Amino acid sequence: MWNLFQIELYKISRRPRTYISFAAITAIIVIFQFAFKADGESYMNLLLQNVQDNFTLDKGKAINGYFMCYIILNTLLIQVPILIALIAGDAISGEANMGTLRLLLTKPISRTQIILVKFAASFVYTIALLIWMAVMALFVSLAIFGVDDMLIFRVKGEESQILQITQDDIMWRYFAAFAYAAVALTVIAALAMVLSVFAENSIGPIIATVCIVIVCTVVSNINVPIIDDNVKPWLFTSYLVGWKGFFYINSTEDGVPIKGSLENWPAIRNSLLILVAHIFILLGIAITAFRKKDILS
Amino acid sequence: MSVIVSVQQLFKEFDGVKAVNDLSFTVNEGDVYGFLGQNGAGKSTTIRMLLTLVKPGSGSIKIFDKELAANRSEILRQTGAIIERPDMYKYLSAYDNLSVFARLSGIKVSRKLLMDQLEKVDLAQRYNSKVKTFSQGMKQRLGIAIALVHDPKLIILDEPTNGLDPQGIADMRKLIINLSKEQGKTVIVSSHLLSEIEVMANRMIVIDKGKKIAEGAVSEMLDPSSTIVQLETTNNEKALNLLHQSQWNAFVEPSAGLIKFRMNKNEIPSLAAWLIQNDIGIIALQPKHSLEEYFLSLTNPENHVEPVSN
């Protein structure tokens, strides 16, 4: 199994398309950083237009490395599923398309092993992509924009909020957020893997994964009670942005942020459990379908 | 001689169409076993069932005297295969492809082993070239290296000469015969070309619409005494008139255009000599039968002809 896993990683590492995602992420982050370095104040003015009458803020200090990373993740983590689908959607269907699947399956390896190893390799790829994002969005931003307390702008119900997190209370939140994002994106990888089992070329599962994510995200954002109660709790997309929960900090009655606190840890934990359940269910479907599949390609 | 492959009452259906229908056959140790049938006859489906790529609807497959379904890994460890095209990872080199599939076969891989294998198929000079730069023949040779790298006892080749040039076809035939005769391997080779099976195999099965229509020793099945021979001359009308008045008239078959005989293949030189003697200019004189004719001869013994196809 370990041998098989190493081979799978080797194959992924040798494919040029693997690096498209890294290049895309780098390009997007660099553009963000350049734009904020050049004209970050305009963005802050826009962000603060509802609250600036009763709130004074040193905008220069607010745009720091931590804040930049938050803004970048907020934008990028919606697009990353497409990049994950690029690799996971190709896992089985790409082999079928190349004709290597039939050769692979004539080797003394079980089909379950193949799915597990390909899933594990997709997971490693997801982690690598997130680490790269962390390096570019967090550490490079810290180097460019410096370190300071972090402000989070949030709309909760009808009211706009600004949460302040002191700089010594931020880094662990990022690690937790990236770990959460890894789980959320692994659901995408598992979904793409399931679709990959049924296809004979990579384009179909990649596009289908992206379409499912888009449709479910749209449904997750429809604010109608019947959907809120009956549909949203079952959609994985309702939990994809749950990483933000690590930045929602509790405050005292006087409005003083409580260091190390989380506003709603049970909600984060439940979201994580639901995402993990999605992974197991999707993986189970992929294994069952692949074991039954006749290889005719 | 022990039985290596034993297939009993194999069935497979796709969307209500019977691809393989009550198929039974055995392959003995050291056989080059020809799997013959027209396109769509069920050859590939059967071969894919032997390699666990397709699940049988019903029936039993035993390889090395073990049930395939229950002993899949153990059996596949001793089996090498090429299924139709030899597809590999195009973005990897020949060496890397061989290394990947050798490791997947469960053997300990060394550089020497891999290079030796590439040397055998004449690809050692190109070991570092990416497969996407290879010709079809080179890919086929690499496919052979992959199929043989783990020294399997049973080799299954599905249409191995597809897409090869004449030299490639000749090399492949030589290799298959060599695998059996010199290395004692058991080979199952499928083809839709009778001439190929005739040259390579010692035993064969003929299938049509998923059903076995004949099985046995090639030498017994391909009867040379009833060969269709086709003649083309500079003046067919004159030639036919002369033939009707000669001892060859008994062998002339009714045919529009070209002149056809049903005769023993060994008599062809005598016929040629007689034609020359009678001043008939020969353009072509050759045994000429299609697979279709051979199938007809199997289903209707009165039409029995010797199979030679192009």
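Cut-offs applied
Residues numbered from 1 in each chain as written. Chains lettered and ligands numbered in written order. Predicted model: local features only at pLDDT ≥ 70, side-chain atom pairs only at ≥ 80, totals over all residues. Heavy atoms only, no water. Helix = DSSP H or I, 4+ residues; strand = E, 2+ residues; numbered from the N terminus. Rg over C-alpha atoms; globule rule 2.2 N^0.38 Å. Contact = heavy atoms within 4.5 Å. Phe/Tyr/Trp six-rings, centres within 6.5 Å; stacked < 30°, edge-to-face > 60°. Buried < 20%, exposed > 50% of the residue type's maximum accessible area, 1.4 Å probe, protein only. Lys NZ or Arg CZ within 6 Å of the ring centre and 35° of its normal. pLDDT = per-residue confidence, 0-100. Pairing = 2+ DSSP bridges. Axes fitted to C-alpha atoms, helices over the stretch in contact; angles between N-to-C directions. Disulfide = S-S within 2.5 Å. Polar contact = N/O pair within 3.5 Å; in protein donor to acceptor, adjacent residues only side chain to side chain. Buried area = accessible area lost by both parts, 1.4 Å probe. Salt bridge = Lys/Arg side-chain N within 4 Å of Asp/Glu carboxyl O. Nonpolar A, V, L, I, M, F, W, Y, C, P; charged D, E, K, R; others polar.

## Quick word on the overall build of chain A
Okay, step 1: Per the secondary structure count, chain A includes 11 helices and two strands.
Okay, step 2: Its helices and strands in sequence order give chain A the pattern α-α-α-α-α-α-α-β-β-α-α-α-α, from N to C terminus.
Okay, step 3: Over its C-alpha atoms chain A spans a radius of gyration of 21 Å, differing by no more than 12% from the 19 Å that the globule rule assigns to 297 residues.
Okay, step 4: Reported as C-alpha extents along the three principal axes, the dimensions of chain A are approximately 70 × 45 × 30 Å.
Okay, step 5: Expressed as a percentage of contacts within chain A between residues at least 6 apart in sequence, the contacts between residues at least 24 apart total 75%.

## Let's talk about the packing of aromatic side chains
Okay, step 1: Enumeration according to the criterion identifies 18 aromatic pairs over all chains in this entry.
Okay, step 2: Pairing Tyr66(A) with Tyr174(A) gives two aromatic rings, centres 6.3 Å apart and planes at 20°, and the pair type is stacked. Pair noted here: Tyr66(A) is in helix 4 (residues 65–88) and Tyr174(A) is in helix 8 (residues 171–198), with a separation of 108 residues, a long-range link. Comparing Tyr66(A) with Tyr174(A) shows no difference in burial state: the two are buried.
Okay, step 3: Here Tyr70(A) and Phe247(A) contribute two aromatic rings whose centre-to-centre distance is 5.2 Å and whose plane-to-plane angle is 75°, an arrangement assigned as edge-to-face. Of this pair, Tyr70(A) sits in helix 4 while Phe247(A) sits in the loop between helix 10 (225–230) and helix 11 (265–292), and the two are 177 residues apart along the sequence. Just as Tyr70(A) is buried, Phe247(A) falls in that class too.
Okay, step 4: Members of the aromatic cluster, joined through ring pairs, are Tyr66(A), Tyr70(A), Tyr174(A), Trp243(A) and Phe247(A).
Okay, step 5: Here the guanidinium or amino end of Lys37(A) rests over the ring plane of Phe145(A), the centre of that ring lying 5.5 Å away.
Okay, step 6: A cation sits over an aromatic face here: Lys153(B) above Phe64(B), 6.0 Å from the ring centre.

## Thoughts on the confidence of the model for chain B
All names here are of chain B.
Okay, step 1: Confidence along chain B averages 83 in pLDDT terms, with 91% of residues attaining 70 or more.
Okay, step 2: The weakest mean pLDDT in chain B belongs to helix 11 (residues 291–299) at 60; the strongest belongs to strand 5 (residues 66–67) at 92.
Okay, step 3: Counted against residues more than four places away or in other chains, residues 303–310, with its pLDDT under 50, gives 38 contacts.
Okay, step 4: Of the two predicted TM-score estimates for the complex, the pTM is 0.81 and the ipTM is 0.78.

## Focus: the sheet that holds strand 14 (residues 282–287) of chain B
Residue and element names in this part refer to chain B.
Okay, step 1: Strand order in the open sheet formed by four strands is 12-13-11-14, with antiparallel pairing between adjacent strands. The sheet is open, and its two borders are formed by strand 12 (252–253) and strand 14, each paired with just one other strand.
Okay, step 2: Relative to strand 13 (residues 259–263), strand 12 is paired through two bridges, and the arrangement is antiparallel. In the strand pairing of strand 13, Glu253 is matched with Lys260.
Okay, step 3: Of the strands in this sheet, strand 11 (227–233), strand 13 and strand 14 are in contact with helix 10 (residues 268–277), which crosses strand 14 at around 165°.

## Quick look at unusual backbone geometry
Residue and element names in this part refer to chain B.
Okay, step 1: Positioned with a positive phi, Gln9 is a non-glycine residue whose angle comes to about 45°.
Okay, step 2: Mapping Gln9 onto the fold places it in strand 1 (residues 3–14).
Okay, step 3: Even without being glycine, Asp65 reaches a positive phi, approximately 65°.
Okay, step 4: Inspection of the secondary structure assignment puts Asp65 in the loop between strand 4 (58–63) and strand 5.

## Regarding the state of the cysteines
Residues and elements named next belong to chain A.
Okay, step 1: Scanning all chains against the criterion turns up zero disulfides over all chains.
Okay, step 2: Here Cys211 is not disulfide-linked; the sulfur of Cys216 is the nearest cysteine sulfur, at 11 Å.
Okay, step 3: Residue Cys216 is classed as buried on the basis of its relative accessible area, which comes to 13%.

## A look at the side chain of Glu159(B)
Residues and elements named next belong to chain B.
Okay, step 1: Relative to the elements of secondary structure, Glu159 occurs in the loop between strand 7 (154–158) and helix 6 (166–181).
Okay, step 2: Residue Glu159 is classed as buried on the basis of its relative accessible area, which comes to 7%.
Okay, step 3: Here Lys43 takes part through its side chain, which lies 3.4 Å from a polar atom of the side chain of Glu159.
Okay, step 4: Within the structure, the side chain of Glu159 is placed 3.1 Å from the side chain of His192, a separation counted as a polar contact.
Okay, step 5: The contact partners of Glu159, leaving out residues within four places of it in the chain, are Asn39, Lys43, Glu84, Gln140, Ser190, Ser191 and His192.

## Points about the interface of chain B and chain A
Okay, step 1: Counting residues at the interface gives 31 residues for chain B, matched by 29 residues for chain A.
Okay, step 2: If you sort the residues of chain B by the area they bury against chain A, Leu53(B), Tyr91(B) and Leu104(B) come out on top, with a joint share of 24%.
Okay, step 3: Asp294(A) serves as the salt-bridge partner of Lys12(B), at 2.8 Å between the closest nitrogen and oxygen.
Okay, step 4: Scanning the region where chain B abuts chain A turns up 17 residue pairs in polar contact (both at pLDDT 80 or more).
Okay, step 5: Among the elements of the structure, strand 1, helix 2 (72–76), strand 6 (79–83) and helix 3 (94–104) of chain B are those that each provide at least two residues to the side of chain B that touches chain A.
Okay, step 6: Considering every element that reaches the side of chain B that touches chain A, the biggest residue donor is helix 3 of chain B, with five residues.
Okay, step 7: Taken together, the residues of the side of chain B that touches chain A sort by class into 15 nonpolar, four polar and 12 charged.

## Topic: the environment of Leu104(B)
Okay, step 1: Relative to the elements of secondary structure, Leu104(B) occurs in helix 3.
Okay, step 2: Judged by relative accessible area, which is 5%, Leu104(B) ranks as buried.
Okay, step 3: Each C-alpha atom of the pair Leu104(B) and Ala272(B) lies 57 Å from the other, and the pair is 168 residues apart in sequence.
Okay, step 4: The residues contacting Leu104(B), other than those within four sequence positions of it, are Leu4(A), Ile7(A), Leu104(A), Lys107(A), Pro108(A) and Ile109(A).

## Some words on the sheet that holds strand 4 of chain B
Residue and element names in this part refer to chain B.
Okay, step 1: In space, the four strands of this open sheet follow the order 2-1-4-5, with antiparallel pairing throughout. Edge positions in the sheet fall to strand 2 (17–28) and strand 5, since each has one partner strand and no second.
Okay, step 2: Where strand 1 and strand 4 come together, five bridges link them in antiparallel fashion. Its bridge partner being in strand 4, Val5 is matched across the sheet by Ile63.
Okay, step 3: Most of the contacts of helix 1 (residues 43–50) go to strand 1, to which it runs at about 120°, and overall it touches strand 1, strand 2 and strand 4.

## Some points on the confidence of the model for chain A
Okay, step 1: Across chain A, pLDDT averages 87, with 96% of residues at or above 70.
Okay, step 2: Mean pLDDT values over the elements of chain A span from 71, in helix 3 (residues 59–62) of chain A, up to 94, in helix 11 of chain A.

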